Amino acid sequence: MTTVTGEMMARGHEQVVFVTDVASGLRAIIAVHSTALGPALGGVRFWHYEREEDALLDVLRLSEAMTLKASIAGLHQGGGKVVVLLDAVDAPHPEPMLLALGRAIDELGGRYLAAEDVGATQGDMDVIARETPWVTGVAPTAGGSGDPSPVTALGVLAAIRAVAQALDGAPDISGYRVAVQGAGHVGAHLVADLAAAGASVVVADVNDVRAHEVAVAHGAEVVVSDDILAVECDVFAPCALGGVLSEAAVPLLRCRAVCGAANNQLADDHVDDLLYERGVLYGPDFVANAGGIINIAEEFTGYSRDRALARAEAIEGTMTRVLERARAEDRGPGGVAEDIARERIAREGSSNRWHPGDPAAWTNGQPLTRLRPAHAQPGHLQLGSSS
Ligand code: NAD
């Protein structure tokens, strides 16, 4: 890394806020990448980093990815992210620490909207919501959108239909063999959705029990997790960790396409080209997995799960557009998806930063003063001490 501001300039970040609270031990970095399309939304990641530089790079990279994801999904929001630096990955998140983070988020006046990410729970969001209205993913009883995983899985299924269209000329996956890596929140729903659509599914998880439970419930086959990458199949669907598509992994693949829920699947951008050269069709991750933020965006106008699911289905059309342009331009779909996202920001985005008190796209020109309709507010004062 050059300098902090140098890195921000290179990636186009608007604002990075370092936050500490001595009393609670909070150490966090809030990154607002872009507010050109609206307030910057992104998750709060609780993680242990060996070096502070790693945490900074992570939050810069993740917040930029959120900007691209929101843009290509057609949402009226920008990209942001928070990392909370823990002494150990499984260290607790004491209430005073979460409240201090809530106050820091509140000071940004809505420029950054918090959500759940790795290590975070709905309970954490509920505590943060006692200090600020600028937080999503709170309890459904408070107008929150609940577990996003079924919506994310449905969006990935829609993306796989677009992949099938590009491969075989029809959005029909019955008879497809799909290898799902990770039987967690999204993976388990995806296995169910794929089976219901008539695909035969192979699943793997480092947690064998979880893989078997999911397989038995939906008639899938299980392989050990080290083998899933090399399963002969139509589509490999990464639904575990990022970085799974490395230079070393590409030659091992025996699939026709890759399309799954995991964030940051490419170990680096160059792998987009490697996949393309090998003839493996890549359905870009941030297009396929946008169901999570599509689900959250529904909170702003009064949450409806049915509407969120219907909007996640639109990912099929977005993915089709990406894959068709990639074919026309004879290059990897990852770079094409990034271009489409950046072109929308250039076309529709404001050249001014979003300021507290500005309207949002869904407020009919009125200042954004709350995230959810009045009847659904978590009431950061009313929630009392629940966590
Ligand atoms: P999760 O933690 O519930 O599930 C991940 C699963 O992967 C776990 O069961 C874990 O044991 C397994 N796993 C870890 N390493 C593995 C490996 N090497 N091989 C096989 N299995 C492995 O997470 P999730 O919420 O299901 O999310 C999965 C991925 O999708 C993550 O990358 C996440 O960032 C991304 N994502 C999730 C959502 C959402 O709505 N939850 C939205 C967008 C993106």
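Described below are features of the structure shown in this document. Quantities reported herein were computed from a predicted structural model and do not represent experimental measurements.

Some details on the site of the ligand
Here is step 1 of the chain: For the ligand, the set of nearby residues contains 20 residues, the closest of which are Thr152, His185, Asp205, Arg210 and Ala240.
Here is step 2 of the chain: Here an oxygen atom of the ligand sits 2.9 Å away from a polar atom, N or O, in the side chain of Asn263.
Here is step 3 of the chain: In the complex, the protein chains occlude 76% of the 830 Å² of accessible area that the ligand would expose alone.
Here is step 4 of the chain: Counting only elements with at least two residues in the shell around the ligand, the list comes to helix 5 (149-168) and helix 6 (185-196).
Here is step 5 of the chain: Residues of the shell around the ligand, tallied by class, amount to 9 nonpolar, 9 polar and 2 charged.

Regarding the packing of aromatic side chains
Here is step 1 of the chain: Taken as a whole and judged by the stated rule, the model has 1 aromatic pair.
Here is step 2 of the chain: Considering the side-chain rings of Phe300 and Trp362, the 4.4 Å spacing of their centres and the 20 degrees angle between planes classify their relative orientation as stacked. Remark: Trp362 occurs in the segment after helix 13 (333-348) and Phe300 occurs in the loop between helix 10 (291-297) and helix 11 (305-313); sequence separation between them is 62 residues. For the pair shown, Phe300 and Trp362 are each scored as buried.

Focus: the environment of Leu241
Here is step 1 of the chain: Position of Leu241 among the secondary structure elements: in the loop between strand 9 (233-238) and strand 10 (255-258).
Here is step 2 of the chain: With relative accessibility at 66%, the residue Leu241 sits in the exposed group.

What to know about the sheet that holds strand 7 (residues 200-204)
Here is step 1 of the chain: One open sheet holds the 6 strands; their spatial order is 8-7-6-9-10-11, and the pairing between them is parallel. Across the chains shown, the open sheet's two edge strands, defined by having one partner strand only, are strand 8 (221-222) and strand 11 (281-282).
Here is step 2 of the chain: By the bridge criterion, 2 bridges tie strand 7 to strand 8 in an arrangement that is parallel. Bridging from a neighbouring strand, Val203 pairs with Val222 of strand 8.
Here is step 3 of the chain: Packing of helix 6 onto the sheet brings it into contact with strand 6 (177-181), strand 7 and strand 9, and relative to strand 6 it is tilted by some 170 degrees.

A word on the pattern of salt bridges
It is possible for side chains of opposite charge to pair when their charged atoms get near one another.
Here is step 1 of the chain: Evaluated as defined, the whole model comprises 27 salt bridges.
Here is step 2 of the chain: Between Arg331 and Glu329 there is a salt bridge, with its nearest N and O atoms 2.8 Å apart.
Here is step 3 of the chain: Among the residues examined, Arg331 registers a relative accessible area of 27% and is labelled partly exposed.
Here is step 4 of the chain: The salt bridge partner of Arg342 is Glu338, with a shortest N-O separation of 3.0 Å. Taken as a pair, Arg342 and Glu338 lie in helix 13 at a separation of 4 residues, close to a single helical turn.
Here is step 5 of the chain: By relative accessible area, Arg342 is classed as partly exposed at 34%.

Cut-offs and rules
Residues numbered from 1 in each chain as written. Predicted model: local features only at pLDDT ≥ 70, side-chain atom pairs only at ≥ 80, totals over all residues. Heavy atoms only, no water. Near = heavy atom within 4 Å. Polar contact = N/O pair within 3.5 Å; in protein donor to acceptor, adjacent residues only side chain to side chain. Areas by Shrake-Rupley, 256 points an atom, 1.4 Å probe, with all protein chains shown as cover. Helix = DSSP H or I, 4+ residues; strand = E, 2+ residues; numbered from the N terminus. Nonpolar A, V, L, I, M, F, W, Y, C, P; charged D, E, K, R; others polar. Phe/Tyr/Trp six-rings, centres within 6.5 Å; stacked < 30°, edge-to-face > 60°. Buried < 20%, exposed > 50% of the residue type's maximum accessible area, 1.4 Å probe, protein only. Pairing = 2+ DSSP bridges. Contact = heavy atoms within 4.5 Å. Axes fitted to C-alpha atoms, helices over the stretch in contact; angles between N-to-C directions. Salt bridge = Lys/Arg side-chain N within 4 Å of Asp/Glu carboxyl O.

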